[in-house]
Amino acid sequence: MRRYGHGLVLGKFYPPHAGHHHLVATAADRCETLTVLVCAASVESLPLADRVAWMREEHPGVRVVGAVDDIPVNVDDPAVWDAHMAVFRAAVPEPVDAVFTSEPYGAELGRRFGAESVCVDPERTRFPVSGTAVRESPAACWDFLRPPVRAALTRRVVVLGAESTGTTTLTRDLADHYRRRGGVWARTRWVPEYGREFSERKLARLRAERTEARWSDVAFASDEFPLIARVQAEREEAAARAGSPVLFCDTDAFATTVWHERYLGFPSEEVRRIAARGRQSLWLLTDDRGVPFEDDGLRDQEELRPWMTGRFAAELARTGRRTVRVSGPRERRLADAVAAVDRLLAEGPSLADPLPDLSARPGVSARPGVSARPGLPARPDRLGLIGSPELGERL
């Protein structure tokens, strides 16, 4: 089997899937060096920088670069090819010996690079998946996705509320409910509250000094809350990488902003910044009404529960977070929560469509500098490069 000096794989990787990784791995095995060029359009939902990072993580021995390509696809128009090649050449100026694709456009791409065209699994028999299929239904394609992409597409549901209002119980019940659906859903996970673990250790250290110490003797410092928020977020991310298309979280960094206020009387800007980086989709607020207060040794001030519920509700509304408040007995809370989660999942991932493919449409051209649709200029002179697309669904 012939080997090459410098190989090239290019695509949108919107998002990357097993077919892409097979193509890259095949090319890497046959080349001394391989460049993967990730081309993203501005209208697409997944950031170019994320896609570059995902490909680098999966293929650490490969050079991965990125470029913004806002030119719609028309493989029948030489001028459009010229515009795309300007983007490609700006990102990969080195000579290319072989281009690896699974698409019919591969021969023309190879000719324009002055390179040999190598076609890999054009019938998609090894991995029957496409970027379009993933965007339409990530859950149906879950086994074709690698951990960082799963983490990006997982719908994250947070259960939060005042002390002793059943947040942990509801989080566990939700995870159990979705696991019973089987298939990819059997991997559904839930993330425990790190703040409780932190608090248990804090009380244990105090009791090592004073055996009679109680929870009311524990004092918190402001700089402890960003640590709690960061660890909570890290554990959430790890669970999202390994789980199903939905993840349940017993609190999150956003909730930590309210707990900081509860214990110290003022907000923490650092915790707010951590919370702003979250990828959560839905918050379930557990009502304190009708739930007996249980002192488990890490709780106090039962009278603050209505205030806490109100602060959570106010901050969720102020920050525009999608919220459902659950009340009543355990069975009703679970049923209402499942209904809210099912509505969220039914909406799909809400990923924007890529630029249109105008190929084989008589009378339609997407020549450089001419908008292919209103408000969407093709700008081959404005190249955004990262690290030095299938275009449409084909190139």
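See the structure above.
Now for a look at the structure at hand. The model shown is predicted, which means the values in this text are computed figures rather than measured ones.

About the criteria used
- Residues numbered from 1 in each chain as written.
- Predicted model: local features only at pLDDT ≥ 70, side-chain atom pairs only at ≥ 80, totals over all residues.
- Heavy atoms only, no water.
- Helix = DSSP H or I, 4+ residues; strand = E, 2+ residues; numbered from the N terminus.
- Buried < 20%, exposed > 50% of the residue type's maximum accessible area, 1.4 Å probe, protein only.
- Areas by Shrake-Rupley, 256 points an atom, 1.4 Å probe, with all protein chains shown as cover.
- Pairing = 2+ DSSP bridges.
- Axes fitted to C-alpha atoms, helices over the stretch in contact; angles between N-to-C directions.
- Contact = heavy atoms within 4.5 Å.
- 1 Å grid on protein atoms, 1.4 Å probe; cavity = no way out; pocket = protein on both sides within 12 Å on 5 of 7 lines; lining within 4 Å.
- Points joined across faces, edges and corners; volume = space filled by probe spheres on them.
- Nonpolar A, V, L, I, M, F, W, Y, C, P; charged D, E, K, R; others polar.
- Phe/Tyr/Trp six-rings, centres within 6.5 Å; stacked < 30°, edge-to-face > 60°.
- Lys NZ or Arg CZ within 6 Å of the ring centre and 35° of its normal.
- Parallel < 35°, antiparallel > 145°, perpendicular 65-115°, else oblique.
- Left-handed = near helix turned anticlockwise from the far one by under 90°.
- Core = buried A, V, L, I, M, F, W, Y, C linked by side-chain atoms within 4.5 Å.
- Expected span 1.5 Å × (residues − 1).
- Polar contact = N/O pair within 3.5 Å; in protein donor to acceptor, adjacent residues only side chain to side chain.
- Salt bridge = Lys/Arg side-chain N within 4 Å of Asp/Glu carboxyl O.

### A word on the overall build of the chain
Check the secondary structure of the chain and you find 13 helices and 11 strands. Each of the 395 residues in the chain was classed as buried or not, and the buried ones make up 51%. When the accessible area of the chain is evaluated, it comes to approximately 17,600 Å², of which 50% is carbon and sulfur surface.

### A word on the sheet that holds strand S6 (residues 155-161)
For sheets, the rule is that strands pair by backbone hydrogen bonds, running either parallel or antiparallel. On the basis of which strands lie adjacent, the open sheet formed by 5 strands has the order S7-S8-S6-S9-S10 and parallel pairing. Whereas interior strands pair on both sides, the edge strands pair on one side only; in this sheet they are strand S7 (189-191) and strand S10 (323-326). Ignoring strand direction, the axes of neighbouring strands in this sheet form an average angle of 25°. Alignment of S6 against strand S9 (residues 280-286), held across 6 bridges, turns out to be parallel. From the neighbouring strand, Arg156 faces S9, where its bridge partner is Gln280. Contacts from helix H9 (residues 224-242) reach S6, S7, strand S8 (246-250) and S9, with the element oriented near 175° to S7.

### Quick look at empty space enclosed by the protein
Space inside the second largest cavity adds up to approximately 40 Å³. Lining of the second largest cavity is provided by Thr257, Val258, Glu261, Pro267, Arg272, Arg311 and Glu315. Contributing elements (two or more residues each) for the lining of the second largest cavity: helix H10 (253-264) and helix H12 (305-318). Sort the elements by how many residues they give to the lining of the second largest cavity and H10 lands first, with 3 residues. The class makeup of the residues in the lining of the second largest cavity is 2 nonpolar, 1 polar and 4 charged.

### Examining the packing of aromatic side chains
Following the criterion strictly, the structure yields 9 aromatic pairs and no others. Just above the ring of Phe220 sits the side chain of Lys202; from NZ or CZ to the centre is 5.4 Å.

### Looking at the packing of H9 against helix H11 (residues 269-276)
At a closest axis distance of 8 Å, the pairing of H9 and H11 adopts a crossing angle of 10°. Taken as axis vectors, H9 and H11 run roughly parallel relative to one another. Residues Phe225, Pro226, Ala229 and Arg230 of H9 form the contact with H11, whose participating residues are Glu270, Val271 and Ile274. Per-class residue counts for the contact of H9 with H11 are 5 nonpolar, no polar and 2 charged.

### Things to note about the packing of H10 against H12
The interhelical angle for the contact between H10 and H12, taken along N-to-C directions, is 135°, at an axis separation of 10 Å. On the basis of the axis angle, H10 is oblique to H12. The hand of the H10/H12 crossing is right-handed. Within the contact between the two elements, H10 uses Phe254, Ala255, Val258, Trp259, Glu261 and Arg262 and H12 uses Trp307, Met308, Arg311, Phe312, Glu315 and Leu316. When grouped by side-chain class, the residues that make up the contact of H10 with H12 number 8 nonpolar, no polar and 4 charged.

### Some points on the nonpolar core
Of all hydrophobic cores here, the largest spans 34 residues; its most connected members are Leu160 and Phe312. At the level of elements, S6, helix H8 (194-209), H9, S8, H10, H11, S9 and H12 are the ones that each hand at least two residues to this core. A total of 6 residues in this core trace back to one element, the largest contributor, which is H9. Counting 30 residues, the second-largest nonpolar core is a separate cluster that includes Trp54, Val134, Leu153 and Val184.

### Some details on helix H3 (residues 78-91)
The end-to-end C-alpha distance of H3 is 20 Å, a good match for the 20 Å that 14 residues give at a rise of 1.5 Å each. Within H3 the residues assigned to the buried category are Ala79, Val80, Trp81, Ala83, His84, Met85, Val87, Phe88 and Ala91. Two or three places before Ala79, at the start of H3, stands the capping residue Asp77, its side-chain oxygen 2.9 Å from that residue's backbone nitrogen.

### Considering the pattern of salt bridges
One pass over the full model with this rule turns up 31 salt bridges. Salt-bridge contacts for Glu315 lead to Arg311; the nearest nitrogen and oxygen are separated by 3.3 Å. Of this pair, Glu315 and Arg311 are both found in helix H12, 4 residues apart, which corresponds to roughly one turn of the helix. The closest approach of N and O atoms between Arg318 and Glu315, which form a salt bridge, is 2.9 Å. In this pair, Arg318 and Glu315 are both assigned in helix H12, 3 residues apart and thus about one turn of the helix distant. Looking at Glu315, the relative accessible area reads 8%, which means it is buried.

### Overview of H9
The terminal C-alpha atoms of H9 lie 28 Å apart, and with 19 residues this matches the ideal 27 Å at 1.5 Å per residue to within 8%. Where H9 is concerned, the buried positions are Glu224, Phe225, Pro226, Ile228, Ala229, Val231, Gln232, Glu236, Ala239 and Ala240.

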